[in-house]
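Residue-level listing of the chains:
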Amino acid sequence: MRAAQVEVCGRAPVVTERPEPAPAPAEVLVRVTAAPITPLDLLCATGTSYFGAPALPYVPGVQGVGTADGRLVWFPTSAGMAPGDGSMAELAPARAEDLVELPAGADPFAVAALGLSAVAAHMALTWRGELVAGEQVLVLGGGGVVGQAAIQLARLAGARRVVAAAHSPGGLDRAGQAGADAVVALGLEPAGQAGALGAADVAELGERFAAVCDGPVDLVLDPLFGVPAAAAARVLRKGGRLVNLGGSASETCPLDSATLRSRSLRVLGYTNNELTREQRAASVAFVAEQSAAGRLAVAHEVVPLQETPDAWRRQSAGTTGGRIVLRPG
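Residues numbered from 1 in each chain as written. Predicted model: local features only at pLDDT ≥ 70, side-chain atom pairs only at ≥ 80, totals over all residues. Heavy atoms only, no water.

A.B. asks: Tell me about the overall build of the chain, residues and numbers included.
C.D. replies: Helices and strands together make up the secondary structure of the chain, namely nine helices and 15 strands. Taking 20 Å as the expected radius of gyration for a compact globule of 329 residues, we find that the chain reaches 20 Å, a close match to that expectation. Burial statistics for the chain: of 329 residues in total, 50% are counted as buried. Within the chain, residue pairs in contact and separated by at least 24 positions form 68% of the contacts whose partners lie at least 6 positions apart. In the form shown here, the chain has an accessible surface area of approximately 13,400 Å², with 52% of it arising from carbon and sulfur atoms. If you average the places of the 26 positive and of the 31 negative side-chain charges in the chain, the two averages end up 5 Å apart. (Helix = DSSP H or I, 4+ residues; strand = E, 2+ residues; numbered from the N terminus. Rg over C-alpha atoms; globule rule 2.2 N^0.38 Å. Buried < 20%, exposed > 50% of the residue type's maximum accessible area, 1.4 Å probe, protein only. Contact = heavy atoms within 4.5 Å. Areas by Shrake-Rupley, 256 points an atom, 1.4 Å probe, with all protein chains shown as cover. Lys, Arg positive; Asp, Glu negative; His and termini not counted. Charge placed at Lys NZ, Arg CZ, Asp CG, Glu CD.)

Take a look at the structure:
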């Protein structure tokens, strides 16, 4: 079979021929239709993640969509996090109990692009963030896959207003396309330019958030941390919640004690790793149903498997307009 293979940590995979995998007793063989290149795939392949350096060579791909026993299914793998191969191949082994059957009419590439990023947005908003109808939500990183999904999922959960923030003009456009009521540029340079934020910018950014929000915010969804999170905390109502699910802006945050204490804020952490198998499956099924119904989508690009090296480099550099999904078949 053809597969993308990581041979050296820190380098893009190569496309090569490999023997067909032999599934273990608890596994099934999935014929892969769609395999997204996700941030976790990129991180694991560097050899610097907290999972440790992966055993080489290996097929990356922590999730995918394909067919098993005549069913269209979503499936996860532990590729890059534990010994074994992933979804970026024509065939991939997956644990039978982890498969989630997709609804009729689901677009496998659209579902693959959403995947666990949309699960994170969904569960961070509802399970961890306790979003209820009528609340106002601020989504940081609104141009990313998590952010785009969160904007739409907040609306589906009954949010009365959704404001989004992003760094780049492209990210702002994607957030707007996803349905944000208002968008805020995170860079503090002249319009159309994105730049790094410093701790001194917290107050100024907080004021710009306040200018477009309709009063205090109930819930902030934060995959960025750093200055954006500290600024967003300043527009939360008393007892408001900030759910952090990433640190792409910074691993530290200049959140001041006065803001935290004066408003009795709740700052909550979220990771998909804390979900039970049943929670994850239910969320994947919900995401797929909304996708099939035309209510949930993120910007993505479908690329043939043979173009994996270039696609991997582009996704890693952030020069794409959305999530790249590989097509092995």
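A.B. asks: How would you summarise the side chain of Ser87 if you had to cite specific residues and measurements?
C.D. replies: If you trace the backbone, Ser87 turns up in the loop between β5 (71–76) and β6 (91–95). Of the polar contacts made by the side chain of Ser87, one reaches the backbone oxygen of Gln63; its length is 2.6 Å. Among residues more than four places away in sequence, those in contact with Ser87 are Val32, Ala35, Pro60, Gly61, Val62, Gln63, Gly64, Phe75, Thr77 and Ala92. (Polar contact = N/O pair within 3.5 Å; in protein donor to acceptor, adjacent residues only side chain to side chain.)

A.B. asks: Outline the packing of aromatic side chains, supporting the account with residue identities and numerical values.
C.D. replies: Evaluated as defined, the whole model comprises two aromatic pairs. Relative to Phe51, the ring of Tyr50 lies with its centre 4.5 Å away and its plane at 40°, an arrangement referred to as tilted. (Phe/Tyr/Trp six-rings, centres within 6.5 Å; stacked < 30°, edge-to-face > 60°.)

A.B. asks: Give me the confidence of the model for the chain: which residues, what numbers.
C.D. replies: Scored by pLDDT, the chain has a mean of 95; 96% of the residues are at 70 or more. Here residues 189–195 is a poorly scored stretch, pLDDT under 50, and it has ten contacts once near neighbours within four places are set aside; other chains count. (pLDDT = per-residue confidence, 0-100.)

A.B. asks: Mind laying out the pairing of strand β13 (residues 266–269), listing which residues take part and the relevant values?
C.D. replies: Direction of pairing for strand β12 (residues 236–244) relative to β13: parallel, over a ladder of four bridges. Residue pairing in the sheet places Arg241 in a bridge with Arg266 of β13. As for the winding sense of the linkage, the β-α-β connection from β12 through helix α7 (residues 257–262) to β13 is right-handed. (Pairing = 2+ DSSP bridges. Right-handed = clockwise from strand over helix to strand, strands pointing away.)

A.B. asks: Before we move on, could you go through the packing of helix α2 (residues 108–128) against helix α3 (residues 145–156) and cite the residues and values that matter?
C.D. replies: Here α2 crosses α3 at 50°, and the two axes come no closer than 8 Å. If you check the angle between α2 and α3, you find them oblique. The two elements α2 and α3 cross, and the hand of that crossing is right-handed. The residues of α3 that touch α2, namely those facing Ala113, Leu114, Ser117, Ala118, Ala121, His122 and Leu125, are Val145, Val146, Ala149, Ala150, Leu153 and Ala154. Each residue belonging to the contact of α2 with α3 can be placed in one class, and the counts come to eleven nonpolar, two polar and no charged. (Axes fitted to C-alpha atoms, helices over the stretch in contact; angles between N-to-C directions. Parallel < 35°, antiparallel > 145°, perpendicular 65-115°, else oblique. Left-handed = near helix turned anticlockwise from the far one by under 90°. Nonpolar A, V, L, I, M, F, W, Y, C, P; charged D, E, K, R; others polar.)

A.B. asks: For the nonpolar core, give the residues involved together with the corresponding values.
C.D. replies: Leu125, Val137, Ala149, Ile151, Leu221 and Tyr270 are the most contacted members of the largest nonpolar core, which totals 48 residues. Residue assignment for this core shows that the elements contributing at least two residues are α2, β8 (136–140), α3, β9 (161–166), β11 (217–222) and α8 (277–292). Among the nonpolar cores identified, the runner-up in size contains 30 residues, and Ala3, Val59, Ala311 and Leu326 belong to it. (Core = buried A, V, L, I, M, F, W, Y, C linked by side-chain atoms within 4.5 Å.)

A.B. asks: Which residues make up the sheet that holds β12, and what are the values?
C.D. replies: Judged by pairing direction, the sheet is parallel, and its six strands sit side by side in the order β10-β9-β8-β11-β12-β13 without closing on themselves. Of all strands in the sheet, those bounded by a partner on one side alone are β10 (182–185) and β13. Across the sheet, the axes of successive neighbouring strands diverge by a mean angle of 20°, strand direction being ignored. Both β8 and β9 contribute to a ladder of five bridges, which runs parallel. Paired with Gln136 across the bridge in β9 is Arg161.

A.B. asks: Which residues make up helix α6 (residues 226–233), and what values do they have?
C.D. replies: Counting buried positions over the eight residues of α6 gives eight, a clear majority of the element. Within α6, burial applies to Gly226, Val227, Pro228, Ala229, Ala230, Ala231, Ala232 and Ala233.

A.B. asks: Now, about α2: what can you tell me, with residues and values included?
C.D. replies: When the terminal C-alpha atoms of α2 are compared, their 28 Å separation across 21 residues agrees well with the 30 Å that a helix rising 1.5 Å per residue should span. Maximum bend of α2: about 55°, positioned at Gly115. Within α2, 18 of the 21 residues are buried, which leaves it mostly tucked inside the rest of the structure. For α2, the side-chain oxygen to backbone nitrogen distance between the N-cap and Phe109 is 2.9 Å, and the N-cap itself is Asp107. Positive phi shows up at Glu130, right after α2, with a value of about 55°. (Expected span 1.5 Å × (residues − 1). Bend = angle between axes of the 7 residues up to and from the residue.)

A.B. asks: So what's going on with the pattern of salt bridges? Which residues, and what values?
C.D. replies: Summed over all chains, the structure comprises 17 salt bridges. A salt bridge links Arg18 to Asp85; the shortest N-O distance between them is 2.6 Å. Taken together, the residues span a long stretch of sequence, with Arg18 in the loop between β2 (14–17) and β3 (27–36) and Asp85 in the loop between β5 and β6 at a distance of 67 residues. What makes Arg18 buried here is its relative accessible area of 17%. Asp85 gets classed as partly exposed once you look at its relative accessible area, which sits at 28%. Salt-bridge contacts for Asp310 lead to Arg314; the nearest nitrogen and oxygen are separated by 3.2 Å. One end of the pair is Asp310 and the other is Arg314, both in helix α9 (residues 308–317) and four residues apart, which spans about a single turn. What makes Asp310 partly exposed here is its relative accessible area of 40%. (Salt bridge = Lys/Arg side-chain N within 4 Å of Asp/Glu carboxyl O.)

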